[in-house]
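# Structural overview for review
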Amino acid sequence: MEFLEGNITAPIGFSSAAVNADISGKGKDKEDLMIIFSDIPSISAGVFTKNIVKSGTVEYCMENIKRDKSRAMLGLSGIANTCVLDAYDNAKKICELAADFLNISKEEVLPASTGRIGKRLPMEKIKSGFEKMDRPDKKSFKAAARAIMTSDTFPKAITIKEKIAGKDICISCMGKGSGMIHPNMGTTINYATTDIAITKELLQEVLAEAVDDTINMVSIDGDTSTNDTFLIMASGLAGNDLINERDENYYKFLDLFKIALREIAKMLAKDGEGATKLLICRVNGARSKSDAKALAKSIISSVRYKAAMSVVDTYFSRILSNMGNAGVDFDYRRVKIKYGWDNHEIIMYENGMANDLNDQIIKDMENIKELNIVVDLNYGDFSAESFGCDLTSDYVKSVTNY
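Please read all numbers here as calculations on a predicted model, not as lab measurements. (Residues numbered from 1 in each chain as written. Predicted model: local features only at pLDDT ≥ 70, side-chain atom pairs only at ≥ 80, totals over all residues. Heavy atoms only, no water.)

## Side note on the overall build of the protein chain
The condition is simple: Numbered from the N terminus, helices here are DSSP runs of H or I no shorter than four residues, and strands are runs of E no shorter than two. C-alpha atoms define the radius of gyration, and 2.2 Å times the number of residues to the power 0.38 defines the globule rule. Remark: exposure states derive from per-residue accessible area (1.4 Å probe, protein chains only) relative to the maximum for the residue type, with buried under 20%, exposed over 50%, and partly exposed in between. Each accessible area is a Shrake-Rupley estimate made with a 1.4 Å probe; only the visible protein chains count as cover when residues are assessed. Lys and Arg are tallied as positive, Asp and Glu as negative. Neither His nor the chain termini are counted. One atom stands in for each charge, and that atom is NZ of Lys, CZ of Arg, CG of Asp or CD of Glu.
Helix and strand counts for the protein chain stand at 11 helices and 16 strands. Over its C-alpha atoms the protein chain spans a radius of gyration of 22 Å, differing by no more than 12% from the 21 Å that the globule rule assigns to 402 residues. Each of the three principal axes of the protein chain carries a C-alpha extent, and together these read 65 × 50 × 35 Å. Out of the 402 residues in the protein chain, the part that is buried amounts to 57%. Of the accessible surface of the protein chain, which amounts to about 16,500 Å², a share of 47% is contributed by carbon and sulfur atoms. Averaging the locations of the 51 positively and 57 negatively charged side chains of the protein chain gives two centres separated by 3 Å.

Rendered as structure tokens:
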């Protein structure tokens, strides 16, 4: 397996373009409108927010994704296109503008939007944005990744190459998310491209399972957005035999995609608004995968625990307390809790007793940037990971200033 620079146009058959259209009206000095274009009609798949209140962009995208093939994925940032009466109509108009720009049909465009809720889209600015946008190419991938950022502090992208069935397969992903992140597909929007040949039905299965095990295990603040979207297009140009059943090649692709999305999940969690620490929680030894996921998500979703982690939390009982609210039966006396960072690993709790931590260990924990929380249940063979961050006073400032 080879990790490369995050480049959404790396798979065969894809290009991108981006432009600054000043959609938010704040005069920000970055791109905010982007296109990912497929040279040929490609199969596509998507997963979307479970929030009853959905963006008009999400609603229109959910219709277009049903088509057999797609040609483009569109993204805009600054305004969510949500909770306004013309949201659906404007989503349709944006796709018409993109379609005219690319000389395709509007039904072949898959849109996503992110930003402030309750504001109308500046359609004239978006139209002007397309008029000054350069043609899609292989060089604009960094601009495309910047274009979907809102309060993010850095673009998030990953590219992986691996041989499947003797052919080089490339998967690229890019995403955004900083606040209002608690995916349930979760504001996060993500895009992926790949050149593998696979059926639409199986691509949808791969996307759904991989997202559920990675992106859906991220929690910044407990809010599931109105705009959460994950889109993927597969050009099929890698030259592999079509994957049309759940065979060895299918599972290799699924595993590879999960690896890519795990990296995106970590980036999303790390870039939580005001965050200073990435928290990765792994629950081992559960009776079922669903039990492991429920427990891991309950730990990483605790506002009280994450606020405590903004300094140094050695009060492990918050972890046990949150586990006890997950609706999963377990014996807390069998649980072992470990913290790990850099080259350190300490046992916080074992055999029903807390371990005393000396002052030096506590001091070593003060400036950590990434903390691994490992919870062993000692019941079974199932595991799950969740991803989060500490909550600081800067989170409140970010929410009120955006």
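Once the structure has been displayed, the description carries forward.
## Structural notes on helix H5 (residues 200–213)
The test is simple: What a helix is expected to span follows from its residue count: subtract one and scale by 1.5 Å. Summarising the geometry, the arc corresponds to the directions from the helix axis toward the C-beta atoms. Contact criterion: two residues are considered in contact whenever any of their non-hydrogen atoms come within 4.5 Å of each other.
Under the 1.5 Å per step criterion, the end-to-end length of H5 is 20 Å for 14 residues, consistent within 8% with the ideal 20 Å. Within H5, burial applies to Lys200, Leu202, Leu203, Val206, Leu207, Ala210, Val211 and Asp213. Down the axis of H5, the sector holding all buried residues measures 165°, keeping them to one side. If you follow the buried residues of H5, they end up packed against strand E3 (33–48), strand E10 (229–234), helix H6 (248–270), helix H7 (289–300) and strand E16 (382–389).

## Re the nonpolar core
In plain terms, the rule: By nonpolar core we mean a set of buried residues, namely Ala, Val, Leu, Ile, Met, Phe, Trp, Tyr and Cys, connected to one another through side-chain atoms within 4.5 Å.
Residues Ile198, Phe257, Met323, Tyr339 and Val375 are the most contacted members of the largest nonpolar core, which totals 75 residues. Residue contacts for Phe257: discarding those within four places in its chain leaves Ile171, Cys173, Ala192, Val206, Leu207, Ala210, Phe230 and Ile232. One finds Ile23, Cys95, Ile104 and Phe130 within the second-largest nonpolar core, a separate group that totals 26 residues.

## Remarks on helix H9 (residues 317–324)
Of the residues making up H9, those classed as buried are Arg318, Ile319, Leu320, Asn322 and Met323. Buried positions along H9 lie against H7, helix H8 (303–308), strand E12 (336–341), strand E13 (344–350) and strand E15 (370–376).

## Topic: the pattern of salt bridges
Quick note on the threshold: The term salt bridge refers to a pairing of a side-chain nitrogen on Lys or Arg with a carboxyl oxygen on Asp or Glu at a separation within 4 Å.
This structure, assessed with the given rule, holds 21 salt bridges. A salt bridge links Asp22 to Lys125, with the shortest nitrogen-to-oxygen separation between them at 3.2 Å. Of this pair, Asp22 sits in the loop between strand E2 (14–19) and E3 while Lys125 is found in helix H3 (residues 123–132), placing the two residues 103 residues apart along the sequence. One salt bridge connects Asp86 with Arg120, and the closest N-O pair in it is separated by 2.4 Å. With a gap of 34 residues between them, Asp86 in the loop between strand E4 (70–79) and helix H2 (87–102) and Arg120 in the loop between strand E5 (109–116) and H3 connect regions that are remote in the sequence. Assessed through its relative accessible area of 15%, Asp86 is described here as buried. Owing to a relative accessible area of 55%, Arg120 belongs among the exposed residues under this scheme. The network of salt bridges with shared partners includes Glu209, Asp212, Asp213, Lys258, Lys289 and Lys293.

## Here's the deal with the sheet that holds E13
Selection rule: Strands were regarded as paired on the criterion that DSSP finds at least two bridges between them.
Pairing within the open sheet is mixed, and its seven strands lie in the order E9-E16-E11-E15-E12-E13-E14. What marks the edges here is a single partner per strand, and that holds for strand E9 (218–219) and strand E14 (353–354). The sheet contact formed by E12 and E15 spans five bridges and is antiparallel. Bridging across to E15, Lys336 finds its partner in Asp376.

## Things to note about the side chain of Lys277
Going by this rule: Two N or O atoms count as a polar contact when they lie within 3.5 Å, although within protein this holds only if one can serve as hydrogen donor and the other as acceptor, and sequence-adjacent residues are included solely when both atoms are side-chain atoms.
Inspection of the secondary structure assignment puts Lys277 in the loop between H6 and strand E11 (278–286). Of note is the side chain of Lys277, whose polar atom sits 3.0 Å from the backbone oxygen of Met309. Filtering out sequence-adjacent residues up to four positions away, Lys277 remains in contact with Met309, Ser310, Val311, Met365, Glu366, Ile368, Lys369, Gly388, Cys389 and Asp390.

## Comments concerning the packing of H2 against H3
How we decide: To get an axis, a line is fitted to the C-alpha atoms, and for a helix only the part in contact is used. The angle between two axes follows their N-to-C directions and goes from 0 to 180 degrees. Orientation is classified from the angle alone, with under 35 degrees giving roughly parallel, over 145 giving roughly antiparallel, 65 to 115 giving roughly perpendicular, and any other angle giving oblique. Left-handed describes a crossing whose near helix is turned anticlockwise from the far helix by less than a right angle; the clockwise case is right-handed. Each residue gets one of three labels, nonpolar for Ala, Val, Leu, Ile, Met, Phe, Trp, Tyr, Cys and Pro, charged for Asp, Glu, Lys and Arg, and polar for the others, Gly among them.
As a packed pair, H2 and H3 sit with axes 10 Å apart at the nearest point and diverge in direction by 15°. On the basis of the axis angle, H2 is roughly parallel to H3. Here H2 and H3 pass one another in a crossing that is right-handed. Contact residues: H2 offers Asn90, Lys93, Ile94, Leu97, Ala98 and Phe101, while H3 offers Met123, Ile126, Lys127 and Phe130. For the contact of H2 with H3, a count of residues per class yields seven nonpolar, one polar and two charged.

## So, the packing of H5 against H6
It is the contact of H5 with H6, at a shortest axis distance of 9 Å, that shows an interaxial angle of 40°. With respect to H6, the element H5 is oriented oblique. The two elements H5 and H6 cross, and the hand of that crossing is right-handed. Across from Leu202, Leu203, Glu205, Val206, Leu207, Glu209, Ala210, Val211 and Asp213 in H5, the residues of H6 making contact are Tyr250, Phe253, Leu254, Phe257, Lys258 and Leu261. Tallied by class, residues from the contact of H5 with H6 come to 11 nonpolar, no polar and four charged.

## Describing the side chain of Ser302
Mapping Ser302 onto the fold places it in the loop between H7 and H8. Accessibility expressed as a relative area gives 9% for Ser302, which makes it buried. A polar contact of 3.2 Å, which involves the side chain of Ser302, links it to the side chain of Asn322.

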